[in-house]
Structures are given as structure tokens and as C-alpha cells.
Amino acid sequence: MDETVAEFFKRTILKIPMTEMMTILKAWDFLSEKQLQDVNFQQRKESLVQDLVLLCEKKRASVHDAALLDIVCEDIDLFDMEQFKSSFKKILQRALKNVMVSFRDAEENAVWIRIAWGTQYRKPNQYKPVYVVYYSQTPYAFTSSCPLRSNIPLLGQALTVASNHHKIVKMDLRSRYLDSLKAIVFKQYNQTFETYNSTTPLQEKSLELDIHMDSRIIHENRIEKERVQRVTQETFGDYSQPRLEFAQYKLETKFKSDFNGDILAERKEPLRCLIKFSSPHLLEALKSLAPAGIADAPLSPLLTCIPNKGMNYFKIKDK
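Quick caveat: nothing in here was measured; it's all calculated off a predicted structure. (Residues numbered from 1 in each chain as written. Predicted model: local features only at pLDDT ≥ 70, side-chain atom pairs only at ≥ 80, totals over all residues. Heavy atoms only, no water.)

1. Regarding the sheet that holds strand 6 (residues 271-278)
With respect to topology, 3 strands assemble into an open sheet ordered 6-5-7, the strand pairing being mixed. The open sheet terminates on both sides in strands that have one partner only, identified here as strand 6 and strand 7 (313-317). The average angle at which neighbouring strand axes cross in this sheet is 15°, direction not considered. Of the strand pairs in this sheet, strand 5 (residues 246-253) and strand 6 are connected by 8 bridges, and their pairing is antiparallel. Among the inter-strand pairings, Lys 250 is bridged to a residue of strand 6, identified as Leu 274. (Pairing = 2+ DSSP bridges. Helix = DSSP H or I, 4+ residues; strand = E, 2+ residues; numbered from the N terminus. Axes fitted to C-alpha atoms, helices over the stretch in contact; angles between N-to-C directions.)

See the structure below:
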């Protein structure tokens, strides 16, 4: 690939918004899914563009391929943020007499929305607002807890209509850390999240071994420790995990018994159980369980699937 074609690729990729980068590259269908997964979309845009241009060069991309990418970019509907704000505000104000909506533009084509809800007879409550972060041209919005739950459907409707999407995705995912939520929702958690040196091996505590300990036992322990480390790395990766504070599991199951006439077996209502795991950094805590010898490796998929499924609320029922 000559310098002219490389420069064409560079300029074309630079004009793609970061929030739309993955969508447009997938629509272009030149780079494979595996190649896109290996790209660090969390880095600065200039560095990202360089990596993508190098990938195109390795695949012997032509000026025709660059032109197709440019067509895909033009084919994507340009999002009018001002139109979104106006439409969103009008929808809420038509439905509610007393509501105050404020906007603040943020980075990566995102907008922060502050909503102070009122009622038909009360002015907006400025002390209990709802905060919403919406990323343009995506079906995702991140919201704080809403004190008036009856207004949640109206909020969803306003976001759906103003964003020109068929629906806004509702996910069973909660955290106080917006960057972590964004990383999970936009599938960026499998990249270098925050600052983390992936080349640094897991540190091990030095153990004072009895000089008379059987060397076969030492060898067996070393093999098991290497297996646990390998399984943990395959499950969680080398990167730092997105930050979540809890995971909640609701279990509903019928009692099963081989004995006839058992009171619980005759019960029609399922047995219900709620289990909640809490930690200041839950996924990192789960990642450390097996290497610390607290749990067997690999961990249950119910614990390790949280980032991939984009959930930390689970309902488990009988099949």
C-alpha cells in the first residue's frame, strides 16, 4: 500500500466518531471480527488510526477498499445533537406540565441530561434530579435511579423517539462507575481497561518450604499453580476488569424429592432464594479467588459471564 492510499485511509478513519468506529468498521466488512477484537479501541484516536492503517496495509488494502470505507461513512446518517435535545425536551414537556431539562455536551458524542421532575401541581424538585448520559447513534443510555418510577416509561419513550431508534436497550446492569458500564456495553472491556501492564506476570507470595519436603509434592504444587494461573488468564484475560460493586442472583426452583407425601414436594409455589455478591471491585475480587486458593478454577460461568452478558442481575429458574 503506497503513501497516497495510506493517507486516504488515515483521513477517512479520522473523521469517524469514536462511538461509531466499531459500527462503521463492521459495516465496511473488510477487517475480520478477530482483527477488530485485537484492536485497542480505548487508546487515543491518533494511535487507533495508526493501528487500523497498519492492519489495512497487512491485508493489502487498495484505494478501492478505502473508497468503500468512505462510502460507508457517508451512508451513516449524520446525527443532529441539537435536534435530539429539542425533540427530547418537547416530548417531556408535552407530557408533564412541570419538568426541567438541562443538557451538557460531553466527549465522544455524548450528552449529559439532567431532569428535575415535577407533577401537575408541584414545581420540579431540584434536589432529586435524574441524570442521563446518551451516546449519539447508539440504542444505549445510562441513567441514575429515578425517584418517580412512574416516569421511567416516559423517559424511555423520549429517548427512543428523539434518538430515532426503534427501542432503547434495557439491561440488567448497574454500577456507580460510568466508564465501566460503557466498557461493558460497548464491548471494550476486553481491551486494556484504565491503566494496566499486561506484561506483568501474576505475583506470587514466596513460601518457606521445609527442606525435607518431598520434591514430587513441590513439583505437583507448581503444576497446579500454573494451571490455575492459566485458567484464570483464559477466563479474565490480562487486563484490568470493569468496576462493578455487586452481582445479584434470584433463584426460583421446585423442591424435588423421591419420597411420596413430602410437604415441600407438594408445594406448588417455587422456592425462592436471593444471593448477592458485594465488593468495591467485584470482578477483580472474583479474578483473585482461584489464585488465592479460596475457590477452584475455573469459576462458575454464572460468575465469569457478567461482562460478556452485560448483566449483574440474574434470574435462575428451572428449565
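2. Focus on the sheet that holds strand 4 (residues 141-143)
Pairing is antiparallel across the open sheet formed by 4 strands, whose spatial order is 1-2-3-4. The open sheet terminates on both sides in strands that have one partner only, identified here as strand 1 (99-105) and strand 4. Averaged over all pairs of adjacent strands, the angle between strand axes in this sheet comes to 20°, irrespective of strand direction. Direction of pairing for strand 2 (residues 110-117) relative to strand 3 (residues 130-135): antiparallel, over a ladder of 6 bridges. Directly across from Val 111, in strand 3, lies its bridge partner Tyr 134. Here helix 7 (residues 152-163) sits on the sheet and contacts strand 2, strand 3 and strand 4; the angle it forms with strand 3, its principal contact strand, is near 25°. (Contact = heavy atoms within 4.5 Å.)

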